[in-house]
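Architecture at a glance
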Amino acid sequence: MIAIKIGTTSWRQASTLAADEVEFTGQYLYEADGFTSAMVWDAGINNVRARNAAETLAAAKTKRIEADRQECRRRLTEHYGDALEQVSRASGIGYSATAQQNHAAGVAAARDASNVARDLINAATTVAQVEAVTVQWPVLP
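Definitions and limits used
Residues numbered from 1 in each chain as written. Predicted model: local features only at pLDDT ≥ 70, side-chain atom pairs only at ≥ 80, totals over all residues. Heavy atoms only, no water. Axes fitted to C-alpha atoms, helices over the stretch in contact; angles between N-to-C directions. Helix = DSSP H or I, 4+ residues; strand = E, 2+ residues; numbered from the N terminus. Left-handed = near helix turned anticlockwise from the far one by under 90°. Contact = heavy atoms within 4.5 Å. Nonpolar A, V, L, I, M, F, W, Y, C, P; charged D, E, K, R; others polar. Expected span 1.5 Å × (residues − 1). Buried < 20%, exposed > 50% of the residue type's maximum accessible area, 1.4 Å probe, protein only. Polar contact = N/O pair within 3.5 Å; in protein donor to acceptor, adjacent residues only side chain to side chain. Core = buried A, V, L, I, M, F, W, Y, C linked by side-chain atoms within 4.5 Å.

**Considerations on the packing of helix H2 (residues 83-91) against helix H3 (residues 97-123)**
Where H2 meets H3, the closest approach of the two axes is 7 Å, and the angle between their N-to-C directions is 115 degrees. Considering the relative orientation of H2 and H3, their crossing is left-handed. Side by side, H2 and H3 meet where Gln 86, Arg 89, Ala 90 and Ser 91 of the first sit next to Ala 99, Gln 100, His 103 and Val 107 of the second. A per-class count over the contact of H2 with H3 returns three nonpolar, four polar and one charged.

Spelled out as structure tokens, the structure:
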């Protein structure tokens, strides 16, 4: 196998890896989720290296905030319909004033819940704290 020393352009033929080496497979390494890269390009060394703790935390925050935003959209769409139907509800076209008010209140409540979670995620100092944040989704009217 080819062993690459993390953070350098150094490589060697090896039968086992040292603690600071990864096996070259021709591909980036990924976290357990299969999507998040465990490696980053470092222009300073002109090579890939393992992500450091700050980069791992930033990636976890970004991924989690985006997942919460998608869940917020899904909940609103499931309850109030697609974008066209929501525009109609918001403008009161074909919907009662009560439906219009309920829609406005529901969108605001869902957005607020997502924003509270986002703020907690951004304040987190570890990946475990990011993962521990739960969104208190409202019951939509």
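Anyway, onward from the coordinates.
**So, helix H1 (residues 53-80)**
Spanning 28 residues, H1 covers 40 Å between terminal C-alpha atoms, matching the ideal 40 Å at 1.5 Å per step. Looking only at H1, the buried set comprises Leu 57, Ala 60, Lys 61, Arg 64, Ile 65, Asp 68, Cys 72, Leu 76 and Tyr 80. In this structure, the buried residues of H1 make contact with H2, H3 and helix H4 (127-132). Of the residues that open H1, the one with a side-chain oxygen 3.1 Å from the backbone nitrogen of Ala 54 is Asn 52. Positive backbone phi, at 95 degrees, marks Gly 81, one or two positions downstream of H1.

**Thoughts on the nonpolar core**
Membership of the largest hydrophobic core comes to 16 residues, with the highest contact counts inside it found for Leu 76 and Val 130. Beyond its immediate chain neighbours, meaning those up to four positions away, Leu 76 contacts Gly 81, Gln 86, Gly 106, Val 107, Ala 110 and Leu 140.

**What to know about the environment of Ala 117**
Within the secondary structure, Ala 117 sits in helix H3. You can call Ala 117 buried: its relative accessible area is 1%. Considered as a pair, Ala 117 and Thr 134 are 17 residues apart in the sequence and their alpha carbons are 6.8 Å apart. The contacts of Ala 117, once residues within four sequence positions are left out, are Asp 68, Val 133 and Val 135.

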